[in-house]
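Coordinate inspection notes
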Amino acid sequence: MASTPAPDTATRHVRVAVIGSGFGGLGAGVRLRRAGITDFVILERAASVGGTWRDNTYPGCACDVPSHLYSFSFAPNPRWPRSFSGQPQIRAYLEHVTDTFGLRPHLRFNTEVSAARWDADTARWQLATTAGDWTADAVVAATGPLSEPRIPAVKGLDTFPGRVFHSSRWDHDYDLTGKRVALVGTGASAIQIVPAIQPQVRRLTVFQRTPAWVLPRADREISAAEHWLHRTLPTAATLRRAVLFGLREMQVDAFVHHPRLLGAVQVLARYHLRRAIADPELRARLTPDYRIGCKRILLSNTYYPALAAPNTELVAAGLAEVRGSTLVAADGTETEADALVFSTGFHVTDLPAAERITGAAGRTLAEQWGGTMEALRGTTVHGFPNLFLVIGPNTALGNSSMILMIESQLNYIVDALTRLGALGATALNARADAQRRWNDRVQRRMRSTVWTTGGCTSWYLDANGRNTTVWPGTPSRFRRETRRLTLAEYDLIPRPTAAS
Ligand SMILES: Cc1cc2nc3c(=O)[nH]c(=O)nc-3n(C[C@H](O)[C@H](O)[C@H](O)COP(=O)(O)OP(=O)(O)OC[C@H]3O[C@@H](n4cnc5c(N)ncnc54)[C@H](O)[C@@H]3O)c2cc1C
């Protein structure tokens, strides 16, 4: 069992402090150990590993990238039950990875990092946590891009007498059977929740600000023969992964350079909608007015049928006000509800973790960014020596597995940490000019993408209207860009005599 430390007054030192134990933090642990770096801890605020896949337990929760691609390349799982496996299986996979790669001794649960501050005198990070203080030569922040639920400030929300919760913090103590349930949002989580709860509730009201483009989902059970093949001939699983990877690589050109090519996919999405929804008025409310791909494309065979069910009502407007148990939409529609579920996404471009990390100039990441995140190669930030962000700015993907990007970043981070020793330096500080050049290049490439030209607003854009989340290229290009550290992009910080 991993230890859950009692608050400790003595400050402990490690070479690397990893924050978070989702795919990013666990992957970092595996890669550090493989590189011979064993002096590290993984600080996790919750009581178990899993990140996204521990926190999101809503009915119907599953990945929307095929499991054989949405998993670590170094830990293939020949037992995925479905092509798009569910949350319990993905969570179990991460527990399995934790055991298989010997990560338990490194884990510190119930340990929330409340502050991380670079101390120039010792050239170390000082971390304050809910279970004592740590110092570290380097910090890998794998706190997750989708880990802090966002509930909009709706007027009168505190007057609602029933249950209110966010989809990523599902209230399993509350039985929805026979209840009038209102769901706010129609994004990736909502379209999984709607068909899962519609048969159970008395009435389901879905508040939709903007419709999503939805494509069929090629989900099926993985057969016993396939399981056998993957177990006995691992190359077959590798090949399957390569095909899934290659197909998605080929799609990127349309997203990034030629959004018009996505028109053909849009035709398919329209057909999918027409086949599922007979009522032309409902179909009109479900038809987006922006190009497919601009917002995340959703996959479902069951969402539209559930919306067409007699006990479901789609309100084509956002939730504007709550008056006791009456929910008032922006178009004036009024609905009575017993429970209110927000499926309204996460703090993505305003990461709470950025407010807790203070760099060499005494400013937090959030202060330095001023609403627009920037990093060098999505990973390091000028003025924050030896801080490595997993899924940092412009590393998210619109159409493929985030694990590909995480693994690329881990190549880069491990290269940085192993080379530091050889260079006789203690820390690396991203050069401001290198960071500027990288972000100029990223934003130049962003101009032609569907995320910029597609005619929508999305959670990919920050408060300043800039897309600081998505990588405008193929995952393999990012892999090349992060294969090794380019030393010229960094200033080296020597080991201070006081700390040696
Ligand atoms: C419902 C859902 C479905 C998704 N499906 C897909 C998919 O199909 N394909 C895909 O590519 N991506 C998907 N994603 C995106 C997914 O978030 C990433 O793929 C990946 O799981 C992120 O891993 P992570 O380790 O970076 O972050 P997380 O999994 O979010 O882990 C972050 C961890 O950091 C911890 N933490 C945060 N702050 C602190 C702190 N201050 N101190 C200590 N610990 C802290 C959290 O508790 C958490 O355990 C999905 C996301 C959601 C929400």
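Values in this document were obtained by computation on a predicted structure and should not be read as measured data.

Rules of the game
Residues numbered from 1 in each chain as written. Predicted model: local features only at pLDDT ≥ 70, side-chain atom pairs only at ≥ 80, totals over all residues. Domains from an automatic or database assignment. Contact = placed C-beta atoms within 7 Å. Nonpolar A, V, L, I, M, F, W, Y, C, P; charged D, E, K, R; others polar. Pairing = 2+ DSSP bridges. Helix = DSSP H or I, 4+ residues; strand = E, 2+ residues; numbered from the N terminus. Axes fitted to C-alpha atoms, helices over the stretch in contact; angles between N-to-C directions. Buried ≥ 20, exposed ≤ 12 C-beta atoms within 10 Å, placed from the backbone.

Structural notes on the domain arrangement of the protein
One can read the domain layout of the protein as domain 1 (8-148 + 347-494) and domain 2 (157-218 + 253-342). Put simply, the middle of domain 1 and the middle of domain 2, counted by C-alpha atoms, are 31 Å apart. Contact with domain 1, which involves 25 residues of that partner, is made by 26 residues of domain 2. Of the residues in the side of domain 1 that touches domain 2, the class split is 9 nonpolar, 13 polar and 3 charged.

Re the sheet that holds strand 14 (residues 326-329)
Here 3 strands make up an open sheet; going across it, the order is 13-14-15 and the pairing antiparallel. Two strands lie at the open edges of the sheet, namely strand 13 (319-323) and strand 15 (334-336), each paired on one side alone. Neighbour-to-neighbour, the strand axes of the sheet open up by a mean angle of 25 degrees, direction not taken into account. Where strand 13 meets strand 14, 4 bridges bridge the pair, whose relative direction is antiparallel. Across the sheet, the residue bridging to leucine 319 is alanine 329, located in strand 14.

A short note on the pairing of strand 14
In strand 14, alternate side chains face the same way, and those of Leu327 and Ala329 are buried while those of Thr326 and Val328 on the opposite face are not. Between the end of strand 13 and the start of strand 14, which pair antiparallel, lie 2 residues, with glycine 324 showing a positive phi angle near 65 degrees. Of the strand pairs in this sheet, strand 14 and strand 15 are connected by 3 bridges, and their pairing is antiparallel. Bridge pairing links threonine 326 to glutamate 336 in strand 15.

As for the sheet that holds strand 8 (residues 180-184)
Ordered by their spatial adjacency, 5 strands build an open sheet running 7-16-8-9-12, and the pairing between neighbours is parallel. In the strand order of this sheet, the two ends are held by strand 7 (163-166) and strand 12 (312-315), each with one partner. Strand-to-strand twist of the sheet, defined as the mean angle between neighbouring strand axes without regard to direction, takes the value 15 degrees. Where strand 8 and strand 16 (residues 339-342) come together, 4 bridges link them in parallel fashion. Residue pairing in the sheet places leucine 183 in a bridge with valine 341 of strand 16.

Details of helix 4 (residues 190-197)
Of all 8 residues that make up helix 4, 7 are buried, and the element is covered over most of its length. Against strand 8, strand 9 (203-207), strand 10 (214-215), strand 11 (298-299) and helix 9 (303-308) lie the buried residues of helix 4.

Digging into the environment of threonine 426
Structurally, threonine 426 can be placed in strand 19 (residues 425-430). Take threonine 426: there are 21 C-beta atoms within 10 Å of it, and that puts it in the buried class. Spatially, the C-alpha atom of threonine 426 lies 5.4 Å from that of proline 494, the residues being 68 residues apart in sequence. In this structure threonine 426 touches Ala123, Asp137, Leu420, Ile493, Pro494 and Arg495, once residues within four positions along its chain are discounted.

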